[in-house]
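Given next are the chains, with one letter for each unit.
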Amino acid sequence: MLPLDPQADIGRRAWVTCPNCRDHRGCAPCEERRRCTDHWRYLLSNTGSLLHLQCPTCTHVWDHETGFGATRARRHRTVTGRRRPD
Ligand SMILES: [Zn+2]
Ligand SMILES: [Zn+2]
């Protein structure tokens, strides 16, 4: 296991599911994508919409593309601006 990054700060958290330990599975608030008090990640840093995260459960470090507010979305995922033609 990696040590916690010195930038890890409990005051900066992100609610993203961990791709390594998937500790959110079977957790009701997580599966409803609400802010769970148990399953959150340290937000080490971010570059635009790309978040650099560390999981406090398994200390896995990864980057997560939120796709919000930037033009670097890799996958075509339209979450915002859903408008009907009329
Ligand atoms: Zn994890
Ligand atoms: Zn949870």
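Structure: see above.
As the structure is a prediction and not an experimental result, all values here were calculated from the model.

(A) Representation of the overall build of the protein in the model. A tally of helices and strands in the protein yields one helix and four strands. Reading the protein from its N terminus to its C terminus gives the helix and strand order β-α-β-β-β. Among the 86 residues that make up the protein, the fraction classed as buried is 12%. Long-range pairs, those at least 24 residues apart, make up 48% of the contacts in the protein between residues at least 6 apart in sequence.

(B) Structural view of the sheet that holds strand 2 (residues 41-47). Read from one edge of the open sheet, four strands run 1-2-3-4, paired in antiparallel fashion. At either end of the open sheet lies a strand with only one pairing partner, and these are strand 1 (13-14) and strand 4 (61-65). Sheet topology places strand 3 (residues 50-54) next to strand 4; five bridges connect them, and they run antiparallel. Counterpart to histidine 52 in the pairing with strand 4 is aspartate 63.

(C) Representation of the environment of leucine 2. Looking at the secondary structure, you find leucine 2 in the segment before strand 1. With 10 C-beta atoms counted inside 10 Å, the residue leucine 2 sits in the exposed group. For the pair leucine 2 and histidine 60, spaced 58 residues apart in sequence, the C-alpha separation works out to 7.2 Å. Apart from the residues lying within four places of it in its own chain, the contact partners of leucine 2 are Thr59 and Val61.

(D) Structural detail: unusual backbone geometry. Although it is not a glycine, arginine 22 adopts a positive phi angle of roughly 45 degrees. Mapped onto the secondary structure, arginine 22 falls in the loop between strand 1 and helix 1 (28-31). Since 14 C-beta atoms lie within 10 Å of it, arginine 22 is described here as partly exposed. The phi angle at threonine 59 is positive, at roughly 65 degrees, despite the residue not being glycine.

(E) How the structure looks around the pairing of strand 2. With two bridges joining them, strand 1 and strand 2 adopt antiparallel strand pairing. Note on strand 2: the bridge partner recorded for arginine 13 is tyrosine 42. Of the pairings in the sheet, the one linking strand 2 to strand 3 comprises five bridges and is antiparallel in character. When the sheet's bridge partners are listed, serine 45 is paired in strand 3 with histidine 52. Where strand 2 folds back on strand 3, the antiparallel hairpin that results is connected by two residues, among which glycine 48 adopts a positive phi of roughly 60 degrees.

Definitions and cut-offs
Residues numbered from 1 in each chain as written. Chains lettered and ligands numbered in written order. Predicted model: local features only at pLDDT ≥ 70, side-chain atom pairs only at ≥ 80, totals over all residues. Helix = DSSP H or I, 4+ residues; strand = E, 2+ residues; numbered from the N terminus. Buried ≥ 20, exposed ≤ 12 C-beta atoms within 10 Å, placed from the backbone. Contact = placed C-beta atoms within 7 Å. Pairing = 2+ DSSP bridges.

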